[in-house]
Structures are given as structure tokens and as C-alpha cells.
Amino acid sequence: MKIRLSFLGAIICWLLFTGSSIYLLLVQSYDMKVDFSNFFPQLCFTGFVLTTFAYYRYIITKADSLNFTDLLWKVFITGLITTLISLAIQLFFSIFASTTLVESPLTINFFYNILVGLVVIYMVSTLVVWKRLILYQKSKNLLKLWGFFEIALMASLLFDFWGIQFGEPYFQLSLVILALFSIILVFNLKWVAYLNFKQKWKGILFILLSGIYLYHFLLKLSWFVATDMVIMNLLDRVFILGLFAFLFLYAVISILVTLFNLPTSSVFEQKLKEALDFQKLSQSIPRGETKDQTYEILLESSMSAVFADAAWLEVKEEGGTNQIIRNLKDEEVNEIKSAIKGETIKAILRLELKNEVNPGKLTDDLKHSQFKSIIALPIMVQNKQVGFIVLLNEVSEAFNREMVNIITTFVNQASVSLENLSLIQESIENERYKEQLKIAKNVQKSLLPKALVNNDHLTVAAFSMAADEVGGDYYDILEYRENRFGLIIGDVSGKGTSAAFQMAQMKGIFHSLANQGISPSEFNKKANIALSQCLERSSFITSTYFDINTEENILTFSRAGHCPSLFYCKNENTVDYLKCDGMGLGMVRNSSYEDYVHSNTMSYHAGDTLLLYTDGITEAKNQDGEQFGSDRLKDSFTTHASKAPDQVKEGIKNDLSQFIGEMIIDDDYTLVVVQFKDKKND
């Protein structure tokens, strides 16, 4: 009903606006003694804008099943239709260009009003779509900011009633206020991270076309205004100029951010799938030893994943009902149950759900004094509902389809864990868990280079061992063009599958940037930008990147917080640490990171040897708690540096093994040995 009323209201307002503006034109043209000002046409125009906004707000908000590409498709198709109609108007003027028909003020204003309607329809519909994208994973502060922006935008319509024109102080002040809101809002682009590679290209195309549509309409409006025959100059309006600027700015920023995320999309998607497979394997066994611990993990993980403000979980067991509540009182639980409107959610809370339901029915709005959104999912064990989990948020429409999918995955995994507790002994499950992690370890090892360089210029030997079944150390070498090599060693903060997943991201970034042949300092700058988009806030990666020019015998390197490398000079028979300051990737996630990036360049000769390693080597402890340390590593390298790379590697490994004895290493450790050959002097 609301959609139909707003649609009908928009049509009526446009017809009244067109009719009244043409009547005003006749009054002015024939100097009719009629008391008729431009107040009524302006009132109709304002009504047309508001009813059009209401119409698109209802139809787009109601379409819960729309994903991001569907939203952008709506912008594209609306712009295409309105643009084709405007081109038809242009064709009409071209065909009758030599006649007096197109020079008539009546004709010009009639078609100008049609163009005004097309512009408003396209811009308002695009505004509603941009709003939905900006408010993805919304917060209270973001909602307030958007509310102020909408108020300022709609208030700008009142300037037309007061006759304030372009160039006046209030006009300029209003544009500045709208520009400030726009600049803050356009950087809310969390939705871009949820697009795959193909969707990002589609998004770039659709958004680019939206900008072209805006430019096209701006040209058409300018052409009509230039005739000096139109009753209402739309380009002399704060509302139109402010809306033009906001829509165009968001399109530009969206394209730039999406383009920036393209280089690592394919690698990220592949490794994300692997990480999810690891998660499915590892969570087939509950982390806790009891059912209560499993319920606690499920509730905490679910609240964190969807940013819930409160939650509760109930499970029916033989001894009664097990209930866990977070940020709620018992009386509030009963109030919320009474405020639920959806029949599906009511059935879930009564433990009466028997069949799978549409995910869209698992969320709803609440008429509660504090909480405005609810999501409820059943906990099924052996195809029978034994309980449910309810998540609440203080903001209306806070839960979206992606959040439902995430919680569904958590609940399904918890259900599997509960079934395993009931059917399989814990010792058997632990054995299976070890086998699964062995598979994960083999996959993680496949990320490391299978073959190392051994040619007329240099020879490389390497060794890597994970403290856990899956580690986060990474090394690689790539000949990106003849006689030019990119060499990297990295250490991801933490251990286990999470570190391995981040290691996969680093591999994708290395191959993407190294092939561009950029300098080590530029490599670290761009890698930091890329990793800042995908690393968890608490994670970072240390690395050292080398650019080896075997034609000129030049070595250029830049260190990002990693352990300083050791260099053996054969001619002088010396071993020294390579000095270069730098900060870990992902530790500073803004442009100021460039202040911490440095690089050094040096030459090398035949027989010189370079040693790269991770801190698992220097921090390895013996039975007395004493670390192997940088001095012992330097001494060990000095002893073996003149040998072949494989012998250097084995010699350092043996020295480390003798030092730690029977102690188990508690960190990943990696060695990379590069021995140079001077083909020019052979």
C-alpha cells in the first residue's frame, strides 16, 4: 500500500509541477494580470522529490534478498532507462531543429520538465541504493550521521522557497555542510570486501556507468538552462548540486577502492575457501570438554560475528532447560518473547521447528524499548530441534543475509559437535583431528616454493618447520624478468591455521607486486596498503624483501620489522648483519607508514652468501631457558658460510639442534641461504 501511494503521489506531484510551471510561463509571457508566483511549482517539485524518495526507499528496503550486485544493477538499469528517454528528447530537438516548434518556450519547458523528472528519479533512486551500501554493518554513530545528512539534504529544498540563489553566502554555506557530510560518508565501503573477483568487475562497470549517467544529465540540464527560457533553473538549487556532488563522489571512491582490492581477490578467495575447509575440519570436534563449554563458545562467537548487543541461548536437556543469557535480565527475556511478531521465530522459541525455513524469516524487527532487531536460529541435533539461539541489537534492521549465513554456519558446526559428543569417544575424535591437521599442513606446505633457484648467478637453499601443525612462516623467490629476482621472507604474527591463511594472503600479494618490478621500498608500501584491508586488527606480518640484480651484482633490500639478515663477504672473510630500519606490515594502517619505510643498496661478489631467517631461530630455548640468540646464529653462520648453501643450512640446523637438545620448539622457524656467483668474472 505504501509503495502504491508513494508512486501515485510522485506522478500527481510531477503533473502538478509541470502544469503549474507551464501556466506560470503563460502568465509571464502574456503579461497576464494573475496573482500566481513560482511558490506552487516549487511546492509541487518538493513533493515530487519526497514522494519519489519514499517510493524507492520502500521498494529497495523491502527487497531483502537483493545482494550488492543486484543493488548496483538497479542503479544501472534505472539510469539506462532514464538516459534513453533523455536521448529521445534530444533526438526530437535534432529532428525539428529548423522549425519554430523547438524554439517555443512552451515546448522547451515541457520537455525540460520531463528531463527534471528523469533526473530526480535517477538521482533519488541512486541515493537510496548508496544509502543501503553505506549503512551495511551500520552502527549508532553511522545512523546518526546519515540522519543528519538526510535532514540537511531535505532542508536544502527550502532554500528554493526563500529565493536564495547561487553565489549567496547561505547558498555556499549549505553546499559546504553537504560536502562535509558527503566526504565523511563516502568512505563507508565495507560491502566491497564481500564481493568476489567477478562481482568486483561488475560493480566497477555499473558504478562507472552511474557516473556517466550523472554527467550526461548535467550536460542536458545545462543545455536547457542555456536557452534562458526555463521557468525553474535546476542547476541553481542547493539540493540538486549537493546531491550531484555526493552521488558522483561516492561513485569515484567506490571505483577506486574496488580497483585497489582487485589484485589480491583471486588469491584471497582461494585461500578463504581453504581456511573455511580447515575450520570445518577443526570444528567437527568441540573445543570445550563439556556441552556447556560448547554452548558458551557458540554464544560468544555468534555475538561477536554479528555485533549483537545482547543474546540468550536455551537448550532442552534430560535434566531440564539449560539457559545462557548475555546483557539481559530475566524479565527482559519475557518482554522480548511477547514483542516478537514473526510466526517462524515464535515456532523456533517453542522448539516446534521441524523443517528448514527461508533465512529471511529468521530475522525481524522488535517493538521493544531497548532492542529493535532480532535474529533467532534453531539448534538441531539428529534432525530434531533441541534448542535455539537469539541475538539482539539496539538498531532496527541491524541483521542482514550475510550475518544469517554466518550464524547458521556456527549453529550447524555446534550441532555437529554435540552429535559427536553423543556418538563418538573423545579419543577417536582427537585422532581424527590430528589427521585432519596433517592434511592442512600439507596444503600449507604447498604454498612454499617447490623448486628453488640454482643457476649461473646464484644458488638458494631453504628449510622451514612449523611449531604447530600449520605455521605462518613464508619465503619465496621469483625471477620477474631476466637477471632480476624478487626474494622475500616473512613471519605472520601467531601460529596455526589463522597464520597459514594470512601467509596465503602474503603469497598472493608477493606474486602480484613482484611481477611489477617495483623497488623494495615501494613493495613494502603497497603490501602494507593491501594487507591493511584484509588482516585482522590484531595481526601483522614482518618481512624483508630483496631485489637481486644478477647482471650488475647489486642487492637492494627493505626491511618491514623482520629479523636483520646476515651477509658473508668472501673477499674479506667477514659476517655482518644488514642494517635497515622498518616497521611490520599492518602495524600502521594509514599513509604515515611511508615514514617508516627505508631501503639499502649494496654490491656483492662471487662466493658471498646471504642468510635470511625468522625469529624462531634466535628465540629457540634450551633446557635452562636460554635463547639461541643473534650472536650464536652469527657464529654458526660464520663457521659454515664458505660452504655450499645446502651445507650452510644443515650446519646451522645441527648447531641449533645441539643447543636446544630435547626441548620442543614453540615457534615456527625458517632458514633461507642464498649464495651468489659472479658470471661476469668467471
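The notes below deal with the structure included here. (Residues numbered from 1 in each chain as written. Predicted model: local features only at pLDDT ≥ 70, side-chain atom pairs only at ≥ 80, totals over all residues. Heavy atoms only, no water.)

As for the overall build of the protein
Now for step 1: Of regular secondary structure, the protein possesses 20 helices and 15 strands.
Now for step 2: Residue burial in the protein is summarised as follows: out of 682 residues, 50% are buried.
Now for step 3: Taking all contacts inside the protein whose residues are at least 6 apart in sequence as the whole, residues at least 24 apart take part in 73%.
Now for step 4: For the protein, the accessible surface area stands at approximately 33100 Å², while carbon and sulfur atoms represent 55% of it. (Helix = DSSP H or I, 4+ residues; strand = E, 2+ residues; numbered from the N terminus. Buried < 20%, exposed > 50% of the residue type's maximum accessible area, 1.4 Å probe, protein only. Contact = heavy atoms within 4.5 Å. Areas by Shrake-Rupley, 256 points an atom, 1.4 Å probe, with all protein chains shown as cover.)

Focus: the packing of aromatic side chains
Now for step 1: Following the criterion strictly, the structure yields 34 aromatic pairs and no others.
Now for step 2: Ring geometry for Tyr112 and Phe224: centres 5.6 Å apart, planes at 55°, overall tilted. Placement of the pair is Tyr112 in helix H4 (residues 105-134) and Phe224 in helix H8 (residues 197-226), with a sequence separation of 112 residues.
Now for step 3: Judged by relative accessible area, Tyr112 falls into the buried class, the value being 1%. (Phe/Tyr/Trp six-rings, centres within 6.5 Å; stacked < 30°, edge-to-face > 60°.)

Considerations on the nonpolar core
Now for step 1: Counting 77 residues, the largest nonpolar core has Phe45, Trp130, Trp191 and Phe246 as its most contacted members.
Now for step 2: Those elements that provide at least two residues to this core are helix H1 (2-29), helix H2 (39-62), helix H3 (68-95), H4, helix H5 (140-155), helix H7 (169-185), H8 and helix H9 (238-261).
Now for step 3: The dominant element in this core, judged by the number of residues it contributes, is H4, at 17 residues.
Now for step 4: When neighbours within four sequence positions are excluded, Phe45 is seen to be in contact with Phe17, Val116, Val120, Leu157, Met232, Leu234 and Ile240. (Core = buried A, V, L, I, M, F, W, Y, C linked by side-chain atoms within 4.5 Å.)

Some thoughts on the side chain of Asn113
Now for step 1: With respect to the helices and strands, the residue Asn113 is situated in helix H4.
Now for step 2: If sequence neighbours within four positions are ignored, Asn113 has contacts with Trp14, Phe17, Thr18, Ser21 and Ile22.

Some words on a nonpolar patch on the surface
Now for step 1: On the surface, Leu8, Ile12, Leu16, Phe39, Phe40 and Leu43 cluster together into a nonpolar patch covering about 530 Å² of accessible area.
Now for step 2: Elements with a minimum of two residues in the nonpolar patch: H1 and H2.
Now for step 3: Within the secondary structure layout, Phe40 lies in helix H2.
Now for step 4: Owing to a relative accessible area of 34%, Phe40 belongs among the partly exposed residues under this scheme. (Patch = residues over 30% accessible without salt bridge, like charges linked within 9 Å, V, L, I, M, F, W, Y side chains within 5 Å. Salt bridge = Lys/Arg side-chain N within 4 Å of Asp/Glu carboxyl O.)

Notes on the side chain of Ser182
Now for step 1: Along the chain, Ser182 turns up in helix H7.
Now for step 2: In this structure Ser182 touches Phe149, Phe246 and Leu249, once residues within four positions along its chain are discounted.

So, a negative patch on the surface
Now for step 1: On the surface, Glu479, Glu482, Glu551 and Glu552 cluster together to form a negatively charged patch.
Now for step 2: Inspection of the secondary structure puts Glu552 in the loop between strand E9 (541-549) and strand E10 (554-560). (Lys, Arg positive; Asp, Glu negative; His and termini not counted. Charge placed at Lys NZ, Arg CZ, Asp CG, Glu CD.)

Quick look at the environment of Phe628
Now for step 1: Along the chain, the position of Phe628 falls in the loop between helix H18 (615-618) and helix H19 (629-640).
Now for step 2: Since its relative accessible area comes to 4%, Phe628 is described here as buried.
Now for step 3: For the pair Phe628 and Ile660, spaced 32 residues apart in the sequence, the C-alpha separation amounts to 7.9 Å.
Now for step 4: The contact partners of Phe628, leaving out residues within four places of it in the chain, are Ile617, Thr618, Ala620, Leu633, Asp655, Leu656 and Phe659.

Section: the sheet that holds strand E15 (residues 669-676)
Now for step 1: Spatially, E6-E15-E14-E11-E12 is the arrangement adopted by the five strands of the open sheet, whose pairing is antiparallel. Of all the strands in the sheet, the pair left with one neighbour each is strand E6 (458-465) and strand E12 (574-577). On average, each strand axis in the sheet is tilted by 15° relative to the strand beside it, whichever way the strands run.
Now for step 2: In this sheet, E12 lies alongside strand E11 (residues 566-569) in antiparallel orientation, the contact comprising four bridges. By the bridge assignment, Cys569 is partnered in E12 with Thr574.
Now for step 3: In the packing of helix H20 (residues 645-660) onto the sheet, contacts are made with E6, strand E14 (609-613) and E15, and the angle to E15 comes to roughly 150°. (Pairing = 2+ DSSP bridges. Axes fitted to C-alpha atoms, helices over the stretch in contact; angles between N-to-C directions.)

Notes on the packing of H4 against H8
Now for step 1: Axis separation between H4 and H8 bottoms out at 11 Å; the angle between their running directions is 155°. The orientation of H4 relative to H8 falls into the category roughly antiparallel. Along this stretch, H4 crosses H8, giving a crossing that reads as left-handed. Taking contact as the criterion, the partners of Ile108, Phe111, Tyr112, Leu115, Leu118, Val119, Tyr122, Met123 and Trp130 in H4 are, on H8, Ile207, Ser210, Tyr213, Leu214, Phe217, Lys220, Leu221, Phe224 and Val225.
Now for step 2: The class makeup of the residues in the contact of H4 with H8 is 16 nonpolar, one polar and one charged. (Parallel < 35°, antiparallel > 145°, perpendicular 65-115°, else oblique. Left-handed = near helix turned anticlockwise from the far one by under 90°. Nonpolar A, V, L, I, M, F, W, Y, C, P; charged D, E, K, R; others polar.)

Looking at unusual backbone geometry
Now for step 1: A positive phi is found at Asn327, a non-glycine position, where the angle reads about 60°.
Now for step 2: Position of Asn327 among the secondary structure elements: in the loop between strand E2 (320-326) and helix H12 (330-339).
Now for step 3: In this structure Asn327 comes out as exposed when scored by relative accessible area, which is 56%.

With respect to the pattern of salt bridges
Now for step 1: With the rule as written, the count across this model stands at 14 salt bridges.
Now for step 2: A salt bridge links Glu394 to Lys140; the shortest N-O distance between them is 2.4 Å. A residue pair is termed long-range when its members are at least 10 positions apart, and Glu394 in the loop between strand E5 (384-393) and helix H14 (401-423) and Lys140 in helix H5 qualify at 254 residues.
Now for step 3: Of the residues examined, Lys140 reaches a relative accessible area of 45% and is grouped as partly exposed.
Now for step 4: With a shortest N-O distance of 3.1 Å, Glu352 and Arg350 are connected by a salt bridge.
Now for step 5: Judged by relative accessible area, which is 44%, Glu352 ranks as partly exposed.
Now for step 6: Each of Asp646, Lys649, Glu650 and Lys653 takes part in a single network of salt bridges with overlapping partners.

Describing the pairing of E12
Now for step 1: By the alternation rule, side chains of E12 split into Val575 and Tyr577, which are all buried, and Thr574 and Asp576, of which none is buried.
Now for step 2: From the end of E11 to the start of E12, which pair antiparallel, there are four residues, and Asn573 there has a positive phi angle of about 55°.

Remarks on the environment of Met503
Now for step 1: The residue Met503 is located in helix H16 (residues 496-514) in this model.
Now for step 2: For Met503, a relative accessible area of 0% corresponds to the buried category.
Now for step 3: In this structure, the C-alpha to C-alpha distance between Met503 and Asp473, residues 30 residues apart in sequence, is 7.1 Å.

Observations concerning the sheet that holds strand E7 (residues 473-481)
Sheet strands pair by backbone hydrogen bonding; their relative direction is either parallel or antiparallel.
Now for step 1: The strand order across the open sheet formed by five strands is E7-E8-E9-E10-E13, and the pairing between neighbours is antiparallel. One side of each edge strand has no neighbouring strand; the edge strands of this open sheet are E7 and strand E13 (600-603). The mean inter-strand angle of the sheet, taken between neighbouring strand axes irrespective of direction, is 15°.
Now for step 2: In the sheet, E10 pairs with E13 via four bridges, with the strands oriented antiparallel. Residue pairing across strands places Thr556 opposite Thr601, the latter belonging to E13.
Now for step 3: Strands in contact with helix H17 (residues 520-534) are strand E8 (484-492), E9 and E10; relative to E10, the strand with the most contacts, it is inclined by about 30°.

Considerations on the packing of H3 against H4
Now for step 1: One way to put it is that H3 packs onto H4 with a least axis distance of 10 Å and a crossing angle of 170°. With respect to each other, H3 and H4 are oriented roughly antiparallel.

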